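Geometric and topological summary
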Amino acid sequence: MAEVNVVPLVDEGLGNTAYLLDLGDGRALAVDASRDLRTLRAVAERRGLRIAYAADTHLHADFLSGARDLAASDGARVLASAAGQREFGHVALADGDEVDLGGLTLRVLATPGHTHEHIAFEVLDGPRTVGVFTGGSLLVGAAARTDLVAPERTEELARAQYRSLRRLATLGDAVAVWPTHGAGSFCSAPPSAERTSTIGAQRATNALLRAESEDAFVTALLGSLGTFPPYFLRLPELNRLGPALVGSAAVLPDLRVEDVRRLREADAEVVDVRPVADFAAGHIPGSLSIPLRGVFATWLGWLVDPDRPLVVVRNADQDRDEVIWQALKIGYDRLAGEFTGGMATWTAAGGQLRSIPLVDGAALADASILDVRQISEYTTGHVPGARHIELGGLAARAGAAPVGRTVLMCGHGERAMTAASLLARADRTDLAVLAGGPSDWSTATGAKLEVGA
């Protein structure tokens, strides 16, 4: 085969890349595809390809695999690590195994580290290695974190990750590196803006790959680890058992006012996905603001109990399917429905509304400030005197939030409104959200941001 045609399929919200490898005969290999197969199917259909193989490099923590769905709908053969002990039909592979793709060959490289059962897939065109799907081992300028399997195994897996990266580095300079995790992924430690590379470029520039010793590598890797969503600890086992088949149908039933009231009494979670300004103006009391955007799934998985039924509040111009698939790809299958009547219908039926004002930088002068960004963002630059609690930990640390009039802030306002909606559940009416972020405050006031913790 003269040219290997690999199509990256980027999920900007989760910071991951799945891949579609055109096998040149109307068939294709999908690598690390999530349960949300809309983009993959569209690209395959546009190119006239049938998914013949679905390969997973590891038991994913940040999304449910779409491999089982591809097997059911397309007849794809699932390729995965034997050490993963998956409980559904798959070709169980170990180090050195090869799969004939018809012109191309897939060779398995055991690369434990990100997970204990991790494998990489080397792509050979005859005797020549043209690329390697590295999953969560070698990333662009980074390596994936090793603390997602079990706390007591973090250092052991970090040392395994060191050896796996060194093994991958023995491949030729021109070999393409196709990692799954990248910019925006909580699995990457630390993240890089680039998504694909070559072995030669990584040998020259990846600081972790160039660590002077195994101990130095472990210190650097573990020192870069930040927090991650709690659903990461739940999904690997679901991926091992085999995610429930969802097919191509996505359903979110319409709910009336009385339906929403009944579901709330049954402990349903009301998630309002409308833009911040709409939620600020008026929302159902107790609802959680998670604006619909690329990272909706991450914050849903970070803040909402997966066992609670979900009631969605959405504007008519927001994509219903996007809400559904972002929930489904992280295992939030209990979609009770969506309230379609709008706030006017809610109030007409006697429902109350709550509001949380959006304010500008001038309002910070006489208020406590709570910054809910990640610690790495906060230390880069924050408003002087701002208290810091990461959004992901706020529910557990609500008692540590400032009392009295408080302005919450993040980078643009979305996470701050989510945080405000969490605190408002304790009947706080003294909350506001900064419209913008620290840089906007600095520009408006002419004051400098404070650096460090």
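Attention in this report is confined to the structure presented alongside it. (Residues numbered from 1 in each chain as written. Predicted model: local features only at pLDDT ≥ 70, side-chain atom pairs only at ≥ 80, totals over all residues. Heavy atoms only, no water.)

Points about the pairing of strand β9 (residues 119-125)
The buried count for β9 comes to seven of seven residues, which makes it a mostly enclosed element. Side chains of β9 alternate between two faces, with I119, F121, V123 and D125 and A120, E122 and L124 buried alike. Pairing analysis gives six bridges linking strand β8 (residues 105-110) to β9, with the strands arranged antiparallel. Residue pairing for β9: V108 is matched across the bridge by F121. With five bridges joining them, β9 and strand β10 (residues 128-135) adopt antiparallel strand pairing. From the neighbouring strand, V123 faces β10, where its bridge partner is G131. (Buried < 20%, exposed > 50% of the residue type's maximum accessible area, 1.4 Å probe, protein only. Helix = DSSP H or I, 4+ residues; strand = E, 2+ residues; numbered from the N terminus. Pairing = 2+ DSSP bridges.)

Re the pattern of salt bridges
All chains considered together, the criterion is met by 35 salt bridges. Ionic pairing is found between R35 and D333, a salt bridge with its closest N-O pair at 2.8 Å. Residue R35 is found in the loop between β3 (27-31) and α1 (38-46), and its partner D333 is found in the loop between α10 (320-328) and β20 (335-339); the two are separated by 298 residues along the sequence. Take R35: its relative accessible area is 2%, and that puts it in the buried class. (Salt bridge = Lys/Arg side-chain N within 4 Å of Asp/Glu carboxyl O.)

Looking at the sheet that holds strand β6 (residues 91-93)
Pairing within the open sheet is mixed, and its six strands lie in the order β1-β2-β3-β4-β5-β6. In the strand order of this sheet, the two ends are held by β1 (5-11) and β6, each with one partner. Across the sheet, the axes of successive neighbouring strands diverge by a mean angle of 25 degrees, strand direction being ignored. Packing of α1 onto the sheet brings it into contact with β1, β2 (16-22), β3 and β4 (50-55), and relative to β1 it is tilted by some 150 degrees. The strands touched by helix α2 (residues 67-74) within the sheet are β3, β4 and β5 (77-81), with β4 carrying the most contacts at an inclination of about 150 degrees. (Axes fitted to C-alpha atoms, helices over the stretch in contact; angles between N-to-C directions. Contact = heavy atoms within 4.5 Å.)

Concerning the sheet that holds strand β21 (residues 358-359)
If you trace the five strands from one edge of the open sheet to the other, you get β21-β25-β24-β22-β23, paired in parallel fashion. Every other strand in the sheet has two partners, leaving β21 and β23 (387-388) as the edge strands with one partner each. Both β21 and strand β25 (residues 431-434) contribute to a ladder of two bridges, which runs parallel. Across the sheet, residue V359 finds its bridge partner in β25, namely L434.

A look at the pairing of strand β22 (residues 368-371)
Relative to strand β24 (residues 406-409), β22 is paired through four bridges, and the arrangement is parallel. Its bridge partner being in β24, D371 is matched across the sheet by M409. Between the parallel pair β22 and β23, the chain is carried across by helix α12 (residues 375-380), and the sense of this crossover is right-handed. (Right-handed = clockwise from strand over helix to strand, strands pointing away.)

Quick word on the packing of helix α3 (residues 154-168) against helix α5 (residues 214-223)
Across the interface, α3 lies against α5 with an axial gap of 9 Å and an inter-helix angle of 120 degrees. Like other packed secondary-structure pairs, α3 and α5 cross with a definite hand, here right-handed. On α5, the residues touching T154, E155, A158, R159, Q161, Y162, R163 and L165 of α3 are E214, D215, F217, V218, L221 and L222. In the contact of α3 with α5, the residues fall into seven nonpolar, two polar and five charged. (Left-handed = near helix turned anticlockwise from the far one by under 90°. Nonpolar A, V, L, I, M, F, W, Y, C, P; charged D, E, K, R; others polar.)

Quick word on the nonpolar core
Judged by nonpolar contacts, the single largest core of 53 residues is most densely connected at V271, I290, L300, V304, L370, L408 and M417. Mapped by element, the contributors of at least two residues to this core are α8 (276-281), α9 (296-303), β19 (310-313), α10, α13 (391-394), α14 (414-423) and β25. Listed in part, the 23 residues of the second largest apolar core include L29, V108, I119 and W178. (Core = buried A, V, L, I, M, F, W, Y, C linked by side-chain atoms within 4.5 Å.)

Some remarks on the environment of I375
Among the structural elements, I375 can be located in helix α12. In the structure, I375 is positioned 78 residues away from A453 in sequence and 8.1 Å away in space, judged by C-alpha atoms. Apart from residues no more than four positions distant in its own chain, I375 is found in contact with H388 and E390.

What about the side chain of T17?
Tracing the backbone through its elements, the reader meets T17 in strand β2. Setting aside anything within four residues of it in sequence, one finds T17 in contact with P8, L9, V10, P179, T180 and R195.

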